[in-house]
Amino acid sequence: MSGLSDASATLEQAKAQAASLPLERKVELLTGMTMWRLIALPELGLRSISFSDGPVGVRGLGERQGETSILFPTPSAVAAAWDRDLAVEIGRGFAQEARAHGVDVVLAPQVNLQRTPVGGRHFECFSEDPALTSVVGAAVVTGLQEQGVGACMKHYVANDSETERTSYISRVDERVLREVYLAPFEAAIDAGVWSIMAAYNGVDDGAESGPMTEHRHLLVDVLKDSMGFDGVVVSDWEATRRAVHAATGGLDVIMPGPGGPWAQGLLAAVTAGEVSVETIDDKVARVLLLAARVGAAHPEPAATPHTADLRTLARRVATRSTVALRTDPASAPWSRPAPASVALIGANAIRPHVLGGGSSTVHPAHVVTPVEGLAQRWPDASIVVERGGDPRAFAPRLDVAGRAAGIEVAWLDEASRPLGVHTVTDYEGWLRDIPAGATSVELTVRARLDEPGEHQLSVGTVGIHHTVIDGLKASSSERRVGVDCVLDSSVNNPDSPVMSVTIDEPRDVVIRSRHQVIDAAGYGRFVRAELRHALPRRSDDQEIADAVAAAAAADLAIVVVGTNEESESEGWDRTTLAMPGRQDELVERVLDAAPDAVIVVNAGAPVVLPWLERARTVLWAWFPGQEAGHALADILSGDAEPAGRLPWTLPAREADVPVAHAIPDGGVIAYAEGVDVGYRAWERSGAVPAAPFGHGLGWTTWEQALHASPRIGADAVVEIDVTVTNTGERDGREVVQVYVEPVSPDVARPVRWLGGFCSAQVPAGASALVTVAVPRRNFEVWDVQRQAWRLVGGEYRLHVGRSVRDLRGDEVVTVSAPESTRRSV
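Residues numbered from 1 in each chain as written. Predicted model: local features only at pLDDT ≥ 70, side-chain atom pairs only at ≥ 80, totals over all residues. Heavy atoms only, no water.

Draft legend 1. A look at the pattern of salt bridges. In total, this model carries 69 salt bridges according to the counting rule given. In this structure, Glu 179 and Arg 175 form a salt bridge, with 2.6 Å as the shortest nitrogen-oxygen distance. Taken together, the positions of Glu 179 and Arg 175, both in helix α6 (residues 174–181) and 4 residues apart, correspond to about one turn of that helix. Owing to a relative accessible area of 21%, Arg 175 belongs among the partly exposed residues under this scheme. (Salt bridge = Lys/Arg side-chain N within 4 Å of Asp/Glu carboxyl O. Helix = DSSP H or I, 4+ residues; strand = E, 2+ residues; numbered from the N terminus. Buried < 20%, exposed > 50% of the residue type's maximum accessible area, 1.4 Å probe, protein only.)

Draft legend 2. The packing of aromatic side chains, seen in detail. Considering all chains together, one arrives at 17 aromatic pairs under this definition. Between Trp 82 and Phe 693, the aromatic rings sit 5.4 Å apart at their centres with planes inclined by 55 degrees, giving tilted as the arrangement. Taken as a pair, Trp 82 in the loop between α3 (75–80) and α4 (84–100) and Phe 693 in the loop between α20 (679–685) and β27 (702–706) lie far apart in primary sequence, 611 residues in all. On the basis of relative accessible area, Trp 82 is assigned to the buried category, the value being 1%. (Phe/Tyr/Trp six-rings, centres within 6.5 Å; stacked < 30°, edge-to-face > 60°.)

Draft legend 3. Summary view of the confidence of the model for the protein chain. The share of residues in the protein chain with pLDDT of 70 or more is 98%, and the mean pLDDT across the chain is 95. Considering only residues more than four positions removed or in separate chains, one finds that residues 820–825, a stretch of pLDDT under 50, has 23 contacts. (pLDDT = per-residue confidence, 0-100. Contact = heavy atoms within 4.5 Å.)

Draft legend 4. Broad picture of the nonpolar core. Counting 145 residues, the largest nonpolar core has Phe 51, Tyr 156, Val 157, Tyr 181, Trp 237 and Leu 288 as the members making the most contacts within it. The element that contributes the greatest number of residues to this core is helix α11 (residues 277–294), accounting for 10 residues. Once residues within four sequence positions are removed from consideration, Phe 51 is found in contact with Trp 36, Leu 38, Leu 61, Val 103, Val 105, Leu 107, Val 234, Trp 237 and Met 255. One finds Leu 325, Ala 554, Trp 648 and Ala 691 within the second-largest nonpolar core, a separate group that totals 37 residues. (Core = buried A, V, L, I, M, F, W, Y, C linked by side-chain atoms within 4.5 Å.)

Draft legend 5. Representation of the environment of His 799 in the model. Of note, His 799 is situated in strand β35 (residues 794–801). What His 799 contacts, discounting residues up to four positions off in sequence, is Gln 737, Val 738, Tyr 739, Glu 741, Arg 752, Leu 807, Gly 809 and Asp 810. Among the polar contacts listed, one links the side chain of His 799 to the side chain of Glu 741, at a separation of 2.7 Å. (Polar contact = N/O pair within 3.5 Å; in protein donor to acceptor, adjacent residues only side chain to side chain.)

Draft legend 6. Structural detail: helix α19 (residues 628–637). Most of α19 is tucked away: 10 of the 10 residues are buried. Of all the positions in α19, only Ala 628, Gly 629, His 630, Ala 631, Leu 632, Ala 633, Asp 634, Ile 635, Leu 636 and Ser 637 are classed as buried. Its buried side turned inward, α19 meets α12 (310–321), α14 (370–377), β23 (556–562), β24 (598–602) and β25 (617–620). Just downstream of α19, Gly 638 is the residue with a positive phi angle, here 90 degrees.

Draft legend 7. Representation of the sheet that holds strand β7 (residues 209–211). What the 4 strands build is an open sheet, ordered β7-β6-β4-β26; its pairing is mixed. The strands lining the two open edges of the sheet, one partner per strand, are β7 and β26 (668–670). Here the strands of the sheet are splayed against their neighbours by 20 degrees on average, with no regard to which way each runs. In this sheet, β7 lies alongside strand β6 (residues 202–204) in antiparallel orientation, the contact comprising 3 bridges. Bridge assignment links Gly 202 to a residue of β7, and that residue is Pro 211. (Pairing = 2+ DSSP bridges. Axes fitted to C-alpha atoms, helices over the stretch in contact; angles between N-to-C directions.)

Draft legend 8. Expanded view of unusual backbone geometry. Pro 109 follows Ala 108 through a cis peptide bond whose omega is 0 degrees. Considering the arrangement of structural elements, one finds Pro 109 in the loop between β2 (105–106) and α5 (130–145). The linkage connecting Gly 257 with the following residue, Pro 258, adopts the cis geometry, with an omega of 0 degrees. Along the chain, the position of Pro 258 falls in the loop between α9 (243–249) and α10 (261–271). Even without glycine at this site, Trp 82 takes up a positive phi of about 50 degrees. The residue Asp 470 is not glycine, and still its phi comes out positive at about 55 degrees. With respect to the helices, strands and loops of the structure, Asp 470 is situated in the loop between β17 (465–469) and β18 (472–477). Taking the relative accessible area as the measure of exposure, Asp 470 reaches 31% and is therefore partly exposed.

Draft legend 9. Representation of the sheet that holds strand β8 (residues 232–235). Strand order across the open sheet formed by 5 strands is β1-β2-β3-β5-β8, with parallel pairing between neighbours. A strand with exactly one partner marks an edge of an open sheet, and here the two such strands are β1 (51–52) and β8. When strand β3 (residues 150–156) meets strand β5 (residues 195–198), the two strands line up parallel, connected through 3 bridges. Among the inter-strand pairings, Met 153 is bridged to a residue of β5, identified as Ile 196. Set on the sheet, α5 makes contact with β2 and β3; between it and β3 the angle comes to about 150 degrees. Helix-sheet contacts for helix α8 (residues 216–226) involve β3, β5 and β8, and the interaxial angle to β3 is about 135 degrees.

Draft legend 10. Layout of the side chain of Arg 99. Here Arg 99 is to be found in helix α4. Look past the residues within four positions of Arg 99 in its chain and what remains in contact with it is Arg 47, Asp 104, Gly 148, Val 149, Val 294, Pro 301, Ala 302, Ala 303 and Thr 304.

Below, the structure written as structure tokens:
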């Protein structure tokens, strides 16, 4: 790529290069060649640029059999560390993984805001606060791109819930967009982000209403012109519907491919004069600039200079992000002698929920379970494991290798003529290598059931199918599905009516299931059939009773509760904040028998904890990634501190939640709360949450005091010095949070908002002086009439504290507003 061989290239240089290509090649470059790749341009020395999910690690391209990846804690956990430097490390870790998998651009970070706690991808977002999201998101971008790997920040914009996610319109006024939902994207552009993903949803911002893949006002006028974004706008996968509207609306690349609106119609649209050649050249130039930045002029992606131990990093992030919601020094597990006996209780203790699914799916080589982590930390302890009831509706996957000789796979054509039969022994619920001409498949498995009692068998699937289990019809459907089953995630955790089979003597049970091949457009053709099997078991009543008895008898009782893949995932919004099953009852009854039991919440998004005030030690562990068990053992033993702070508000009651649902009304979601997103709405209403934004106790105690009066520096940046004192007996990490509040209330602005933060590691009994910067933007509003940021002069009270509700001191500063305004950059 002569003249564009490195990251110092400019968009204008790239435009000159783009003009030299034939129109047909330009158009070809703008649609994916495959699910994850663009075409190569050997005439320019350009290899294929590759993309990969995602927000919790780099999944890879699916081009290597058995590919595994490091699974990091969920993005909300990264934000819970309240540490920019750690977020940069995460970005570097992603870059290291990307290059190991041959990936140029990682589809991360996700910077939509947690507008409602029921949002299906809540766990995949950093925070409900735009400032915290901006700092952490920009830091991840910096870590990735300083290693030569592109970040693709998503989802632009107001894509904050999942119900009807490919069609709803978010109605958000311009000022709210600028001050809240666009803020993380603007911060990333300031950090130099190389690509941004246009979301599935549409937006009505008062200037234009339409899908984000063709929203010219927000993609061109705001993103590219006003904010100065010089990178590539990539569609979310299968999001683009109309060729001309997307081309003129500011979209640069359609994914995935092959095929799609531009492959079918863009060349003709240019020939007909509906799309200008200059428009095409701008798109191609942006792709060529991205190629230069990621080193695509080289035959293979170069390794990054970053060579960290990523398992250790994942473990450290999992401990640093864990939030101590409640602690009692007298009963803390680390303050007791090493336990001789441990009761490990809960379905999530046995099968922890370590990732959120959908785009946040990677395949780690191994997940460290809680029992593995505890056994390694306390090798002499006797560990008793009790589930305490099953909160899952679906049974585990059938052990095909252990109970059958494999699955007979018989392919059929459109006339139901056989095309071939083979046996699969390592079946994991999917068939992707579809023979030519095959339109359906019949699966047959003979499962050996030896255990007496009631077995539950089912086949989880979507689309046209007919299933017979043990000679009886189990389920059937004539509903044809396509890419929709991928976009709504129903294919990832498919429904399955259950067939009960009672076994008196060991025998074989035959499962025969016929399925239509699903054509999911860019996601390819596949068959989805999850064979499930639940063994005879104790009743939930008995399991809970046994768990309580184990807790009462143990030196240390640990209860791990939370959500799971059935209740919290991409593709749908939750309908309740209650934990599934009888987990709350389990906690209550364990606390009756063992008041010092440690309760660990393994969930990505808020759940209501009716027993919270009863428990002495409660830890919020997020979706902790592959090192889950080691991180838990590190914390309980006192080897590490749960130093996290909540990046969102934990409700005490569902009735208090400001935005209780995300159900479109007539296809529209009205952002009626305006700038009062998340804790800002709680501050206005005065409702009392179970734990406020910013809350987290750690393993020690703290005092904070203003060291001196705040200083107003150049460009209205305020700096405030705070002395933090560790008053406890253990070393710890404190997060100093500064909240901004106008002395004269303004109903058009929040009651108070996060202005800045800083963390410090302080030994027991010692103090540290930290300086928190409060950027100018905290004192500005978006002036719609002037199309500019306007500094609002006057008195502001700066609160210093440990959370938005635990404020330890304040000082009033006066900000002087000039007559002029300045434009957004």
